[in-house]
Amino acid sequence: MDINDFDFDLPEELIAQTPLQDRTASRLLVLDRDKQTITHHHFADISAFLQPGDCLVLNDTKVLPARLYGSKQDTGGKVEVLLLHQQDKDEWEVLAKPAKKIKKGTVITFGEGQLTATCIEVKEHGGRVVRFDYQGIFLEVLEQLGEMPLPPYIKEQLPDRDRYQTVYAKEEGSAAAPTAGLHFTKDLLDILKNNGVEIAFITLHVGLGTFRPVSVDSIEDHDMHAEFYHMTEATANQLNRIKADGGRIISVGTTSTRTLETITRDNQGVFQQASGWTDIFIYPPYHFTAIDGLITNFHLPKSTLIMLVSALAGKEFTLKAYQEAIDNRYRFFSFGDAMLIL
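Rules of the game
- Residues numbered from 1 in each chain as written.
- Predicted model: local features only at pLDDT ≥ 70, side-chain atom pairs only at ≥ 80, totals over all residues.
- Heavy atoms only, no water.
- Buried < 20%, exposed > 50% of the residue type's maximum accessible area, 1.4 Å probe, protein only.
- Helix = DSSP H or I, 4+ residues; strand = E, 2+ residues; numbered from the N terminus.
- Arc of directions from axis to C-beta.
- Contact = heavy atoms within 4.5 Å.
- Salt bridge = Lys/Arg side-chain N within 4 Å of Asp/Glu carboxyl O.
- Patch = residues over 30% accessible without salt bridge, like charges linked within 9 Å, V, L, I, M, F, W, Y side chains within 5 Å.
- Areas by Shrake-Rupley, 256 points an atom, 1.4 Å probe, with all protein chains shown as cover.
- Lys, Arg positive; Asp, Glu negative; His and termini not counted.
- Charge placed at Lys NZ, Arg CZ, Asp CG, Glu CD.
- Pairing = 2+ DSSP bridges.
- Axes fitted to C-alpha atoms, helices over the stretch in contact; angles between N-to-C directions.

Caption draft 1: Looking closely at helix α2 (residues 186-194). Turning to α2, its buried residues number three or more, namely Leu 188, Leu 189 and Leu 192. Around the axis of α2, the buried residues are gathered within 100° of arc, so they sit on the same side. In α2, the exposed residues that point more than 90 degrees away from the buried face are Lys 186, Asp 187 and Asn 194. Next to the buried residues of α2 lie β3 (55-59) and β12 (198-204). Immediately downstream of α2, the backbone of Gly 196 shows phi near 95°, a positive value.

In structure tokens, the structure reads:
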């Protein structure tokens, strides 16, 4: 399938630069796959589309303040470092700019020496592995010195870093937020639970590979970067029960979807406790074995994310919905509006 099959004209001004003050005030485009209808709502109204016995699956990963600004110890040259994932206790794979200046043995200092990083490996794809040295607790040092790794198309500063976290974020480890979950508040989740909707949690630590542009003409040739996931035995039992009782499993975000589909793909359609690395790439045609619906934000043209949405809703129907969203001035991407596919 050709990458241009997933292209569309997105006005740059529709890429949301700042989050709304009220998380639930975002708009909600609802796609009914059976009726092939598209309707317009607000996210606060989502309970009208969920039934008792349904289950929302949320990704409880927590974004690290993973962007660090420092300088080379020998020359004083400025360096930007973005943490990708932890390999060992104090060893991390990172992206560094300018990468060509960071060679094996290079030492970078942050916060007037409060934190240092020594490059111990140069990766083939341009990444680096560094070993950090510090006093105290690493995550506390990172909270002091790091910044939230907002995507490059967001030009505005984020005064409140919690707005790039879900209200249920718990497991530290992501380089980016699972943004479909940003629309939920604790009050809205309580309303849904009181209405008989169950809530389940999985973890997938979002890496930058999720957003890496597809640079090949044929999407079958694109390689996804692997990301770490975890599902507990309690969550697996909960989801198997939901399925057995005829309830719908609705994933919140493409990250939850990729985790759930990885687990059921590897276990003949059954959920079970699992941890590991997934590089699953979902694009049309694809047979879903885990989910019955999806809540997601609006994604960029030619992205792996719109391919996943197209696999669930159908490419033509998805692009029709996107055009309607553009015509109605919906806000796109991380801080934008939402779509519910049922």
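Caption draft 2: The pattern of salt bridges, seen in detail. Under the criterion given, the structure shown has 14 salt bridges. One salt bridge connects Glu 91 with Arg 131, and the closest N-O pair in it is separated by 3.2 Å. In this pair, Glu 91 is assigned in strand β7 (residues 91-97) and Arg 131 in strand β10 (residues 128-134), connecting sequence segments 40 residues apart. Accessibility expressed as a relative area gives 35% for Arg 131, which makes it partly exposed. Where Arg 241 meets Glu 198, a salt bridge forms, and the shortest distance between an N and an O atom there is 2.9 Å. Within this pair, whereas Arg 241 is found in helix α3 (residues 233-244), its partner Glu 198 is found in strand β12, the two being separated by 43 residues in sequence. Bridged by salt links that share partners, the residues Arg 67, Glu 80 and Lys 97 form one connected network.

Caption draft 3: Geometry of a negative patch on the surface. Negative charge collects at one region of the surface, where Asp 2, Asp 5, Asp 217, Glu 220, Asp 221, Asp 223 and Asp 279 lie side by side. Of note, Asp 279 is situated in the loop between β15 (274-278) and β16 (293-297).

Caption draft 4: Spatial organisation of the sheet that holds β7. Overall, antiparallel pairing links the six strands, which are arranged β5-β6-β7-β10-β9-β8 in a closed barrel. Geometrically, the sheet is characterised by an average inter-axis angle of 45° between neighbouring strands, direction not taken into account. When strand β5 (residues 67-72) meets strand β8 (residues 107-110), the two strands line up antiparallel, connected through two bridges. Within β8, the position partnered with Lys 72 by the bridge is Ile 108.

Function-wise, these values are silent; they only describe arrangement.
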